[in-house]
Structure formats: structure tokens, C-alpha cells
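Coordinate inspection notes
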Amino acid sequence: MDRRTLLGAAASLPFASQAFAQAEFPSRALNMVVAFPPGGQADLAARPVAAALEKIFSQPVVVQNRGGAAGAIGNAHVARSAPDGYTTLMALSSLAVIPAAERLFDRTPQYTVDQFTPIARVNADPTMLAVAGNSPWRTMEDFIEAAKAKPGDLTYSSSGTYGTLHVAMEMLAAAAGIRMLHVPFAGGGPALTALLGGQVNALSSAPGPLAQHVAQGRVRVLGCWGRERVAAFPDVPTFIEKGYSDVEFYIWAGLFAPAATPAPVVQRLRDAMRRAVQDPVVVNAYTAAGAPVAYLDAPEFKTFFEEDSARLLRAVERIGKVE
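Residues numbered from 1 in each chain as written. Predicted model: local features only at pLDDT ≥ 70, side-chain atom pairs only at ≥ 80, totals over all residues. Heavy atoms only, no water.

**Some thoughts on the pairing of strand β6 (residues 155-158)**
- Burial along β6 is two-sided: the residues Thr155 and Ser157 and Tyr156 and Ser158 are all buried.
- Two elements, β6 and strand β7 (residues 181-184), share four bridges in a ladder whose sense is parallel. Within the sheet, the bridge partner assigned to Ser158 lies in β7 and is Pro184.
- Inspection of the sheet shows β6 paired to strand β8 (residues 202-205) by two bridges, in the parallel sense. Each residue of the ladder has a partner; that of Ser157, found in β8, is Leu203. (Buried < 20%, exposed > 50% of the residue type's maximum accessible area, 1.4 Å probe, protein only. Helix = DSSP H or I, 4+ residues; strand = E, 2+ residues; numbered from the N terminus. Pairing = 2+ DSSP bridges.)

Next comes the structure, spelled out in C-alpha cells:
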């Protein structure tokens, strides 16, 4: 039997073929899709990790920003991509919200969550209520009172309708009995730019994108959607502290691959992500951004994702149809 025949016979064995697949991956550049423009939470999470993975894989890992429709366009792109591990998605919690929102309008979702397999969660932070540094509101009570005094007058930006930042603000509005005007943008980066530029009054955001602007005095943080205060903003109270027991919301970032990605490739990605989040460059970048590493491997991330998604879907149902 010649060498080619031997190799063919070996590759036909299930365990051998899996071993070959795992050993050969990756043999070319990889794409990590961010379904939002640069500057938002998913983008801040993706870039340090992509750089770390390049060192681990000895292959380029290109971050692709495919923004639009509150993340639906980029998410759908990955859902339809070849399940070979070369295209992954750095997603936010809105991954599960968007298809549910589409169904509210009897529209066929561009993708469904069962088209993805979780690889690893990299961070998870409660959202923060932010206003401009020169705004008249210095406490969450000031802001809520102003909103009650002029229903519909105060504006807030978001990463898109039914996106994470929209759901968080509407959760607060429902609990506090206030009404605000929602101004959606194509991602968290543009939404923050709108706040900085004075186009809107407020924004719900992860701590990371806010940190440098708070330090510069351009942004003031009034409240926290977490069960506990954020270490980077120890003086900012939670809404739960103030009696809004149902106002709890977290914005997390995690890596997903298309659902049919072979198990050996998924394992290779999991192993690489475990190493990547330990890279000092990643740890320092996340810490500096106020969003420290909060790693979960695939099994734990899957459980977390399912539980978090169920809570968010209940919030979407409460919001109902928003044209």
C-alpha cells in the first residue's frame, strides 16, 4: 500500500479526520465580525482579542465592522457564513433580542440564535446611565424628575431599535413611569458620539466606552443597571439601590461561530480564547476601558446566554411594538 493510500485510509477514520481537521485549523486568515461600527462595546471587546489570537494562531485575525439594523446585518452575515471557523462573531446580548423583535411585527428574522454556537464570553458589565458633563442633572433622581416633568421631551440615543441600549432604557422608563424620545443609531459608537455632540440628552452604555469621557469631564454617569456598583464608578448608585428592583441589565460580549462548525474546530477556538483572555495586553486593555475580563468557556457561556436571553425577551415583550 503506497503513502497516498495509507493517508486516505487514515483520513477516512472518524478520529483521524477530526485530528487532521484540528491540526490544520487555521491555515489562513480569520475574520471576526463586529455587527456595529467602531467605538462600541463589541468593537472594544473584539480588537484586543483579535490581536491576541493572531499570536496564538500565527495567522491574521481581521476585525470586520458590519453595522446596521441594531446588529442584525452583521449577525446574519455570520449565521450564513461557512461553518469552518474562519468567520466568527463578537456579539452582544442583543443577539437574542433582534429575532424576537422581528417576530413582534410578524416579520421573518434575518437569523435565529440556533444558527450560532457559543465559544467564549469575554466580559459582562451592567449598563450605565450617562448624560453630558455640562447637563443640569447630577443624580438619577434629577434626571427622572426632569423626564416626569416633560414627558417625551428628554431624548436618548441607542445602538438601534431593540438593541441592548434601547432595551435597557425602556426597562428604566417602565419602572420609573417616565417617557423619553428614543433616537436610534447604527451602533454604540455613533450613539455615544450623539451624546457628546449634544444631539441627545442621555445614553445607556457599557462602562468601557464611557470611561475616558468621564475622566475628561465630558460625560457624567448617574446610575447603574447592575445588582452591585461597578468598581470603575464606585460612587454611582444602582437603580436597585434606589428602589427600582426590576431595573437590572448587563451588556456582555462573547464570541460565537456558525452552529455547524466542526467540533475539533470549535475546541481549537475555545482553547485559543482561553489563552487570549489571559494575554496581559487583553487584560490591560479591558481593565483600562473599565470592562475587565469576565471569561466563560463554551458550556458555561451557553447556560449564561440562555438565562440572560430569557430575561431580555421578557423585557422586549413588555416594550412591545416600537415603530
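From this point, the narrative continues.
**A closer look at helix α8 (residues 188-196)**
- Regarding α8, the residues found buried are Gly188, Gly189, Ala191, Leu192, Ala194 and Leu195.
- The inward-facing, buried residues of α8 contact β5 (128-132), β6, α7 (164-176), β8, α9 (207-215) and β9 (219-224).
- Just past α8, the residue Gly198 takes up positive phi, approximately 80°. (Contact = heavy atoms within 4.5 Å.)

**Some points on the confidence of the model for the protein**
- The predicted model of the protein averages 90 in pLDDT, with 92% of residues at 70 or higher.
- Below pLDDT 50 for its whole length, residues 14-18 participates in four contacts with residues either more than four positions away or in separate chains. (pLDDT = per-residue confidence, 0-100.)

**A few points about the sheet that holds strand β3 (residues 87-92)**
- The strand order β2-β1-β3-β10-β4-β11 describes an open sheet built from six strands, whose pairing is mixed. Each edge of the sheet is formed by a strand with only one pairing partner; in this case those strands are β2 (61-65) and β11 (296-297).
- Pairing analysis gives two bridges linking strand β4 (residues 116-126) to β11, with the strands arranged antiparallel. From the neighbouring strand, Arg121 faces β11, where its bridge partner is Leu296.
- In this fold helix α4 (residues 72-79) packs onto β1 (30-34), β3, β4 and β10 (250-258), with an angle of close to 145° to the strand it touches most, β3. (Axes fitted to C-alpha atoms, helices over the stretch in contact; angles between N-to-C directions.)

**Notes on the side chain of Ser157**
- Inspection of the secondary structure assignment puts Ser157 in strand β6.
- Looking at Ser157, its side chain comes within polar contact range of the main-chain oxygen of Ala191, at 2.8 Å.
- Apart from residues no more than four positions distant in its own chain, Ser157 is found in contact with Val183, Phe185, Ala191, Ala194, Val200, Ala202 and Leu203. (Polar contact = N/O pair within 3.5 Å; in protein donor to acceptor, adjacent residues only side chain to side chain.)

**Points about the pairing of β10**
- A large share of β10 lies buried, amounting to eight of its nine residues.
- Here four bridges tie β3 to β10, and the two strands are oriented antiparallel to one another. What sits directly across from Leu92, in β10, is Ala253.
- Strand direction decides the pairing type here: β4 and β10, joined by nine bridges, are antiparallel.

**Quick word on empty space enclosed by the protein**
- All chains considered together, the criterion is met by two cavities of 30 Å³ or more.
- Approximately 120 Å³ is the volume attributed to the largest cavity.
- Taken together, 19 residues form the lining of the largest cavity, with Gly40, Gln41, Leu165, Gly188 and Gly189 sitting closest to its centre.
- Of the residues assigned to the lining of the largest cavity, the class counts are 10 nonpolar, eight polar and one charged.
- Reported here for the second largest cavity is a volume of approximately 40 Å³.
- Lining of the second largest cavity is provided by Leu30, Asn31, Met32, Leu53, Phe57, Val61, Gly85, Thr88, Leu255 and Leu269.
- Tallying contributions element by element places β1 first for the lining of the second largest cavity, with three residues.
- Among the residues forming the lining of the second largest cavity, the class breakdown is seven nonpolar, three polar and no charged. (1 Å grid on protein atoms, 1.4 Å probe; cavity = no way out; pocket = protein on both sides within 12 Å on 5 of 7 lines; lining within 4 Å. Points joined across faces, edges and corners; volume = space filled by probe spheres on them. Nonpolar A, V, L, I, M, F, W, Y, C, P; charged D, E, K, R; others polar.)

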